Amino acid sequence: MRPEVLLLSAEHGGNRIPARWAHLFASRAARAALAGHRGSDPGSLAFARFLARSLGAPLVATTTSRLLVEVNRSPGHPRLWSEWTRDLDPDDRRAILAAHYEPHRRAVEDGVRAALARAASVLHLSVHSFVPVLDGVARTTEVGLLYDPARGPERRFCTDLAAALRVLGPELRVHRNRPYRGAADGLTTWLRRRFPAGRYLGVELELRQDLLAAPATRRRLEAVVRGALGQTLGR
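Report on the accompanying structure. Source: prediction; values computed, not measured.

**A few points about the packing of helix H4 (residues 152–168) against helix H7 (residues 215–233)**
The geometry of a pair of packed helices is captured by two quantities: the angle between their axes and the separation between those axes. Packing of H4 against H7 leaves a shortest axis separation of 9 Å and a crossing angle of 135°. Relative to H7, the element H4 is oriented oblique. Both H4 and H7 take part in a crossing whose hand is right-handed. In contact with Phe157, Asp160, Leu161, Ala164, Leu165 and Leu168 of H4, H7 contributes Arg220, Val224, Val225, Gly227, Ala228, Leu229, Gln231, Thr232 and Leu233.

**Structural notes on the sheet that holds strand E7 (residues 174–176)**
Reading across from one edge, E2-E1-E3-E8-E6-E7 is the order of the 6 strands in this open sheet, with mixed pairing throughout. Lying at the two open borders of the sheet, with one neighbouring strand each, are strand E2 (59–61) and E7. Each neighbouring strand pair of the sheet contributes to a mean axis angle of 20°, computed without reference to strand direction. Note: strand E1 (residues 5–10) against E2, 3 bridges, orientation parallel. In the sheet register, leucine 8 faces E2, and the bridge partner there is leucine 59. Strands E1, E2, strand E3 (122–130) and strand E8 (200–208) of the sheet are contacted by helix H2 (residues 44–55), whose axis makes an angle of about 150° with E3. Docked against the sheet, helix H3 (residues 90–118) engages E1, E2, E3 and E8, running at close to 175° with respect to E1.

**Looking at helix H1 (residues 28–35)**
Among the residues making up H1, those that are buried are Ala30, Ala33 and Leu34. Down the axis of H1, the sector holding all buried residues measures 100°, keeping them to one side. Facing away from the buried side of H1 by more than 90 degrees, the exposed set consists of Arg28 and Ala35.

About the thresholds
- Residues numbered from 1 in each chain as written.
- Predicted model: local features only at pLDDT ≥ 70, side-chain atom pairs only at ≥ 80, totals over all residues.
- Heavy atoms only, no water.
- Axes fitted to C-alpha atoms, helices over the stretch in contact; angles between N-to-C directions.
- Helix = DSSP H or I, 4+ residues; strand = E, 2+ residues; numbered from the N terminus.
- Parallel < 35°, antiparallel > 145°, perpendicular 65-115°, else oblique.
- Left-handed = near helix turned anticlockwise from the far one by under 90°.
- Contact = heavy atoms within 4.5 Å.
- Pairing = 2+ DSSP bridges.
- Buried < 20%, exposed > 50% of the residue type's maximum accessible area, 1.4 Å probe, protein only.
- Arc of directions from axis to C-beta.

These results come straight from atomic positions and should not be treated as a statement about function.
Below, the structure written as structure tokens:
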């Protein structure tokens, strides 16, 4: 089964902190965290925009830092709030959720519903990036496809997409459900509880940041991923 509609999202597109909450991030430690990989997924938004343009697909993105609130975590998750926001009073946390968490998640869910109103199935591709070394451990994955292996359509789509990526980019190390587990908490996991497996395919595309940082490898990655997606989607 090939999904008929493609919807893109970027949950970690920037490290912006709204002026109302800037005082929370005035310390040297907070500024360093914002500038590093905890503040955003560098390169992910530009890559998502490239795919949206080249494949003619809508994109829902946020540039508010995950250190204010993590839109890729479910309500109640222990990592929804960072150390700079977890001790805010309940009214402040509700204000942040209303202004910077709920709108993005609602927009993605509305996009899925709109797609399913006109098509049998939708692929929601959530675009992320990850650091090449974490806690001193080098990550061999260069392109990761995260999905729920218990959902057959997602598993089959990612198997086909991984095969296409390896043909078009034989130099790339493409792995499924690495460097993270696709069934772990995230926006796609939350949406899987709202839409049936045969109609909603939620996949996270994880790209290693060193490949996105260098213009030559980024252009190569763009060509390979766009081509493989086009083939797998039948476009």
